[in-house]
Amino acid sequence: MRRGGCSLLGEDIISLFSSLGDAGMLLALAAIILIDGTGFPTLPEVWMVFIFGAYSDSFTWGVLVVLVSTLASLGGNFILYSLVKAARLPTWISRRMKQYTDFLIVKDERLLLLNRVAPVVPYTGAFIAVSDWDLRKCALYLVVGAMAKSSVVVVLSWLSYDNLRQDVAPWAAVGAVVVVIVVSLVASLIYKRRLRLRGELPRSQ
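Please read these numbers as outputs of a predicted model, since none were measured by experiment. (Residues numbered from 1 in each chain as written. Predicted model: local features only at pLDDT ≥ 70, side-chain atom pairs only at ≥ 80, totals over all residues. Heavy atoms only, no water.)

What to know about the overall build of the protein
Step number 1: When helices and strands are tallied, the protein shows 9 helices and 0 strands.
Step number 2: In sequence order, the secondary structure elements of the protein are arranged as α-α-α-α-α-α-α-α-α.
Step number 3: Put simply, the protein has 205 residues, and 40% of those count as buried.
Step number 4: For the protein, the accessible area works out to roughly 11,200 Å², and carbon and sulfur atoms hold 65% of it. (Helix = DSSP H or I, 4+ residues; strand = E, 2+ residues; numbered from the N terminus. Buried < 20%, exposed > 50% of the residue type's maximum accessible area, 1.4 Å probe, protein only. Areas by Shrake-Rupley, 256 points an atom, 1.4 Å probe, with all protein chains shown as cover.)

Laid out in structure tokens, this is it:
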């Protein structure tokens, strides 16, 4: 893979932790997802495929990948939450963020679940802070959503590695994951478009 660009930041992180063996792979995955959760895109689902592929025939390894992904996703969101709380965003930014969520059909903590299927809210940790949502509910929904999504990625990866040649399997798995991501983005666009047609969402969003 050609180096350079944020999409390959994950490759640099994996290289950094590679000397630590299996634990290093999991630490790299956690770091990639933590960075993504704090607002810097790292394409964690793609790197999850390659990290799972290190031991694609191990059920325990798949479970570890899911658990680490879930906990790192929770951690990333709450790191961003803490940063926003500490920074105290300007009033006009907080107002715009609240106005945006007020236009959505789901306006409370359940939006964190919807966001896993159709990502309509970026920087979810920041929205948790600005909206003053219940942290226990947020943690629950973040864990459930992250576990479900990472499980889908691991299952797709396992099916690819189990049924295809070793040199083809990771790219087939990445392709399947990309399809899932594209479908969720399309669902997000359709959701927003329907809200606009009903006059419930400003065209600037």
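On we go.
Concerning helix α7 (residues 124-131)
Step number 1: Along α7, 7 of the 8 residues are buried, which leaves the element largely enclosed by surrounding structure.
Step number 2: Asp-132, located one to two residues past α7, shows a positive phi value of around 55°.

Here we look at the packing of helix α4 (residues 59-87) against α7
Step number 1: Interaxial distance between α4 and α7 falls to 7 Å at its minimum, and their mutual angle equals 45°. Put simply, α4 runs oblique to α7. Crossing angle aside, the handedness with which α4 passes α7 is right-handed. Across from Asn-77, Leu-80, Tyr-81, Val-84 and Lys-85 in α4, the residues of α7 making contact are Thr-124, Gly-125, Ala-126, Ile-128, Ala-129 and Val-130.
Step number 2: Taken together, the residues of the contact of α4 with α7 sort by class into 7 nonpolar, 3 polar and 1 charged. (Axes fitted to C-alpha atoms, helices over the stretch in contact; angles between N-to-C directions. Parallel < 35°, antiparallel > 145°, perpendicular 65-115°, else oblique. Left-handed = near helix turned anticlockwise from the far one by under 90°. Contact = heavy atoms within 4.5 Å. Nonpolar A, V, L, I, M, F, W, Y, C, P; charged D, E, K, R; others polar.)

Brief notes about the pattern of salt bridges
Step number 1: Taken as a whole and assessed by the stated rule, the structure comprises 3 salt bridges.
Step number 2: With a closest N to O distance of 2.9 Å, Lys-85 and Asp-132 form a salt bridge. Placement of the pair is Lys-85 in helix α4 and Asp-132 in the loop between α7 and α8 (135-163), with a sequence separation of 47 residues. (Salt bridge = Lys/Arg side-chain N within 4 Å of Asp/Glu carboxyl O.)

What about the packing of aromatic side chains?
Step number 1: Using the criterion set out here, one finds 4 aromatic pairs in the structure.
Step number 2: With centroids separated by 6.0 Å and ring planes inclined at 45°, the aromatic side chains of Trp-47 and Phe-50 adopt a geometry described as tilted. Here Phe-50 and Trp-47 lie together in helix α3 (residues 44-52), a separation of 3 residues that amounts to about one turn.
Step number 3: Owing to a relative accessible area of 4%, Trp-47 belongs among the buried residues under this scheme.
Step number 4: Here Phe-78 and Tyr-81 contribute two aromatic rings whose centre-to-centre distance is 5.9 Å and whose plane-to-plane angle is 70°, an arrangement assigned as edge-to-face. Highlighted residues: Phe-78 and Tyr-81, both in helix α4, separated by 3 residues, approximately one helical turn.
Step number 5: Judged by its relative accessible area of 16%, Tyr-81 falls in the buried class. (Phe/Tyr/Trp six-rings, centres within 6.5 Å; stacked < 30°, edge-to-face > 60°.)

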